[in-house]
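Results of the structural survey
Residues per chain, in single letters:
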Amino acid sequence: MRTKENNISIFKEILAFLVDISIVYAFSILFERVLMQWIFVETILLFLIVGLLYHVIFYASMQSTLGKILFEIAIEQKKKQQTDLKTILGRELCCKIGLGLVLPIIVFWILNKTDLYYIVPRILLLNLLFGAIYYIIKREFWWDTLSKTKKIKTTNILKVNIGTSFIVFVVLFGIYGFLLFCNNNNNYSEHKFMGFNNPFKSREYPDNNNLTEYKLFLSDSLPSPENYILSLFDKYDIVVLCENAHGESTAWDLAYKVVSNPKFIEKAGHIFTEYGSARNQAKVDRFLQTTYANDTLLEKATATLMRYPSGPFYYFMKKLNQLNQNLPDSLKVQEYFTDVLPHNYFPSLYNSPLVQEFELWKRDSLMAQVVIDWYKQKQKKCLVVTNYRHAFVVNKEAQKKQISKTKRIVRKFLHNEAQYIYNVFPNITANVYLYGFKINDYYFYLPIQKGKWKAAFKNNGYKPIGFDFKGSPFGRDIFDIFPTKGEKVNFTFQDIFTGFVFCRPEEDYETCSPKYEKYAAQQELNYALEHHLLTDSLKAANSTISLSDSDQNSDTKLSCLKDIRKSNWGLKYLYLYNSLDIFIFIFLSTTSILIITFHLLIQTAKKLQKSQ
């Protein structure tokens, strides 16, 4: 192929880069889906490997890549017209991979940052910024300077462009079609996309040798989640249950099974929740002791206890009242709110702040203090339900072992509600992790242990179970559910939690709405107006109207419990992150195809113009 020296437009280089990156990304996803039948490989790692091989193979054989061929770009050594394999390896392997990626990763590793998904995007961004600045100054990229290569313009041959375009079209559409076909055959979903079963369903961890130990452990006779939690009260007085996510019903379904069990009623009979302001405890006590004439009055009374973030806790409180109506006064279950947050409908409109800045800063310690003070006085067993990190406890053994290695993480964990309780009552406090999500540094929900746990539970038929982390393979896994900003964490799950319960997979998560929100907001407004508590009464009244409008008359929205709407709560976040590679692929492929189409149209128009 004849070539000539010419300044290559940076715009053309960017377009060629987009086409190449689309092809590399497409093959990365394809190889990942194939390899996933046997092993779990990170997409980002495959992307780097495929990218290296793609550039080395094409540069060695053609002095160009598919994307660069389209825009008549090739590379060659500055002092000769050919480019040997040694130069190509030096350019791609030593410069781009070695200096551009491996060296920064080593630096991050020294700084105790180890998560590829945290490190690589930042390195690529730094490379982009540095490369742009270097190009502006030198009019070439830094890897061309180090490898002594240059970009040259190839002779325009329209047939070559058409052939290359056809190859790119076939590759991108072929891989996309293959992925759609595989997902459609393997994944049943109620969600449709262009007639296919959901093509963005998250991939699952393969049933490989890594699962053997987990499968053997789960094959043993393990108790149900509620029976496991009840068994903990034989050894501990305070059991903390980690709610998996606000708004999802699993934790509250489980909590009710526990508190309504005769064993709990006899052994404990007391439950503390993160939800609800501790200032409203007298209202809660009256509610639980009151018998309401009908279901409507009960539901309205339940609504006035607090502004609920979602329906599951609302229905938990309703059922708790109904439970108490069938119990003698001496055995009625007691519920205690612990939060410093007001859970009011108009918290910003009161004359005096409902929450001081000091209280927000000390929120976890103040919630814990409610439990601590109560236990010191009553010396009775209780269940505490709190969300996510509030339930974390770094036990004494883990503190001694890990504090010198992960000081920042330890400091962050030591200021959680359950930790404060454990510090005062270390021998009688247990905490239980309810299967849910991990949260990464970009605050996306994704599966624990890259989906390995879910694969083990699926193999076990998703049987609801509970067990101690200590002595299980699950307990020895690295504690990965908390975002650490890439910092290496030496904690295992058994360092943070006493036990674990699995109730249902993510696909079966449910949520619902509370009832009579408009009624409850109006009651709060009437009381606040009567006692001159609001700074802006008109604004509060408008807020009540807004609430009614946005909720579409919530008084009648749910007529009874069976009408609670189900939804795949949280799965949209799982799909978004765990199938982010598919979304990126579709975006890059569409962009590349548009680039190719417009480029060929322009080339054809130029060719016709010359022929005339």
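Here, the structure is the one placed above.
So, here is what we can say about the structure in this document. Remember, it's a predicted structure, so these values are computed and weren't measured experimentally.

It is worth spelling out the overall build of the protein at this point. Helix and strand counts for the protein come out as 26 helices and 14 strands. With 612 residues in all, the protein has 53% of them scored as buried. If you take every contact in the protein between residues at least 6 apart in sequence, the share linking residues at least 24 apart comes to 78%. Accessible surface for the protein amounts to roughly 29,700 Å². Of this, 59% is attributable to carbon and sulfur atoms.

With that out of the way, let us pick up the sheet that holds strand S14 (residues 499-502). Taken in spatial order, the 7 strands line up as S8-S7-S9-S6-S10-S14-S13 in an open sheet, and their pairing is mixed. Whereas interior strands pair on both sides, the edge strands pair on one side only; in this sheet they are strand S8 (334-339) and strand S13 (465-468). Mean inter-strand twist for the sheet, computed between neighbouring axes without regard to direction, equals 25°. Direction of pairing for strand S6 (residues 238-243) relative to strand S9 (residues 382-387): parallel, over a ladder of 6 bridges. Each bridged residue has a counterpart across the sheet, and for Leu241 the counterpart in S9 is Val385.

Burial of strand S10 (residues 429-434) is extensive: 6 of the 6 residues sit out of reach of the surface. Because side chains alternate across S10, one face comprises the buried residues Thr429, Asn431 and Tyr433, and the other comprises Ala430, Val432 and Leu434, equally buried. In terms of strand pairing, S6 meets S10 through 5 bridges, oriented parallel. The partner of Ile238 across the bridge, within S10, is Thr429.

Glancing now at the side chain of Glu243. Among the structural elements, Glu243 can be located in strand S6. Buried charge Glu243 goes without a salt bridge, the closest partner of opposite sign being Arg363 at 9.1 Å. Ignoring sequence-local partners within four residues, the contact set of Glu243 consists of Glu248, Ala251, Trp252, Tyr275, Val385, Thr386, Asn387 and Tyr388.

Within this structure, the stated rule accounts for 20 salt bridges. For Glu299, the salt bridge is made with Lys515, and the minimal N-O distance between the two is 2.8 Å. Placement of Glu299 in helix H13 (residues 295-303) and of Lys515 in the loop between S14 and helix H22 (517-530) is noted, with a sequence separation of 216 residues between them. Of the two residues examined, Glu299 and Lys515, each falls in the buried class.

The next point concerns the packing of H13 against helix H14 (residues 311-324). In contact at an axis separation of 10 Å, H13 and H14 are set at 125° when each is read in the N-to-C sense. One element, H13, and the other, H14, form an angle in the oblique class. Note that H13 runs across H14; the crossing there is right-handed. Of H14, the residues touching H13 (which contributes Asp295, Leu298, Glu299, Thr302 and Ala303) are Tyr314, Met317, Lys318, Asn321 and Gln322. When its residues are assigned to classes, the contact of H13 with H14 shows 4 nonpolar, 3 polar and 3 charged.

The subject of this paragraph is the packing of helix H4 (residues 85-110) against helix H5 (residues 116-138). Interaxial distance between H4 and H5 falls to 10 Å at its minimum, and their mutual angle equals 125°. The orientation of H4 with respect to H5, classified from their angle, is oblique. At the point where H4 passes H5, the crossing takes the right-handed sense. Taken together, the residues of H5 that come into contact with H4 (itself represented by Gly100, Leu101, Pro104, Ile105 and Phe108) are Leu116, Ile119, Arg122, Ile123 and Asn127. Residues belonging to the contact of H4 with H5 are distributed by class as follows: 7 nonpolar, 2 polar and 1 charged.

Looking now at a nonpolar patch on the surface. Taken together, the side chains of Leu99, Val102, Leu103, Ile106, Val107, Ile110, Leu111 and Leu146 make up a nonpolar region of the molecular surface, amounting to roughly 750 Å² of accessible area. If one sorts the elements of the nonpolar patch by residue count, H4 sits on top with 6 residues. Secondary-structure assignment places Leu103 in helix H4. Of the residues examined, Leu103 reaches a relative accessible area of 42% and is grouped as partly exposed.

The next thing to look at is the nonpolar core. With 57 residues, the main nonpolar core has Ile229, Phe316 and Leu383 as its most contacted residues. Core analysis: the next-biggest nonpolar cluster, separate from the first, contains 53 residues, Ile372, Val384, Ile465 and Phe493 among them.

The volume enclosed by the second largest pocket comes to roughly 670 Å³. Around the second largest pocket sit 24 residues that line it, and Tyr236, Asn395, Lys470, Gln494 and Thr498 are the ones nearest its centre. Counting residues per element, the ones that place at least two in the lining of the second largest pocket are helix H9 (225-232), helix H17 (396-402), S10 and helix H21 (493-496). Broken down by element, the residue count for the lining of the second largest pocket peaks at 4 residues, all from H17. When the residues that make up the lining of the second largest pocket are grouped by side-chain class, the tally is 10 nonpolar, 7 polar and 7 charged.

Bringing the environment of Ala132 into the picture now. Within the secondary structure, Ala132 is located in helix H5. With a relative accessible area of 38%, Ala132 lands in the partly exposed category. Expressed as a C-alpha distance, the spacing of Ala132 and Trp142, which sit 10 residues apart in the sequence, is 9.6 Å.

To continue, consider the packing of aromatic side chains. Across all of its chains, the model carries 55 aromatic pairs by this definition. Considering the side-chain rings of Phe287 and Tyr292, the 6.0 Å spacing of their centres and the 40° angle between planes classify their relative orientation as tilted. Seen from the ring of Tyr519, Lys300 lies directly overhead, with NZ or CZ sitting 4.8 Å from the centre. The ring of Tyr256 has Lys319 sitting right over it, with the charged end atom 4.8 Å from the ring centre.

Buried within helix H12 (residues 281-289) we find Gln281, Val284, Phe287 and Leu288. All buried residues of H12 lie within an arc of 120° about the axis, which places them on one face of the element. Buried residues in H12 make contact with strand S7 (270-277), H13, H14 and S8.

Next up on the list: the pairing of S7. Side chains on a regular strand alternate between the two faces of the sheet. With 8 of its 8 residues buried, S7 lies for the most part within the structure. Of the pairings in the sheet, the one linking S7 to S9 comprises 3 bridges and is parallel in character. Counterpart to Phe272 in the pairing with S9 is Val384.

Conventions and cut-offs
Residues numbered from 1 in each chain as written. Predicted model: local features only at pLDDT ≥ 70, side-chain atom pairs only at ≥ 80, totals over all residues. Heavy atoms only, no water. Helix = DSSP H or I, 4+ residues; strand = E, 2+ residues; numbered from the N terminus. Buried < 20%, exposed > 50% of the residue type's maximum accessible area, 1.4 Å probe, protein only. Contact = heavy atoms within 4.5 Å. Areas by Shrake-Rupley, 256 points an atom, 1.4 Å probe, with all protein chains shown as cover. Pairing = 2+ DSSP bridges. Axes fitted to C-alpha atoms, helices over the stretch in contact; angles between N-to-C directions. Lys, Arg positive; Asp, Glu negative; His and termini not counted. Salt bridge = Lys/Arg side-chain N within 4 Å of Asp/Glu carboxyl O. Parallel < 35°, antiparallel > 145°, perpendicular 65-115°, else oblique. Left-handed = near helix turned anticlockwise from the far one by under 90°. Nonpolar A, V, L, I, M, F, W, Y, C, P; charged D, E, K, R; others polar. Patch = residues over 30% accessible without salt bridge, like charges linked within 9 Å, V, L, I, M, F, W, Y side chains within 5 Å. Core = buried A, V, L, I, M, F, W, Y, C linked by side-chain atoms within 4.5 Å. 1 Å grid on protein atoms, 1.4 Å probe; cavity = no way out; pocket = protein on both sides within 12 Å on 5 of 7 lines; lining within 4 Å. Points joined across faces, edges and corners; volume = space filled by probe spheres on them. Phe/Tyr/Trp six-rings, centres within 6.5 Å; stacked < 30°, edge-to-face > 60°. Lys NZ or Arg CZ within 6 Å of the ring centre and 35° of its normal. Arc of directions from axis to C-beta.

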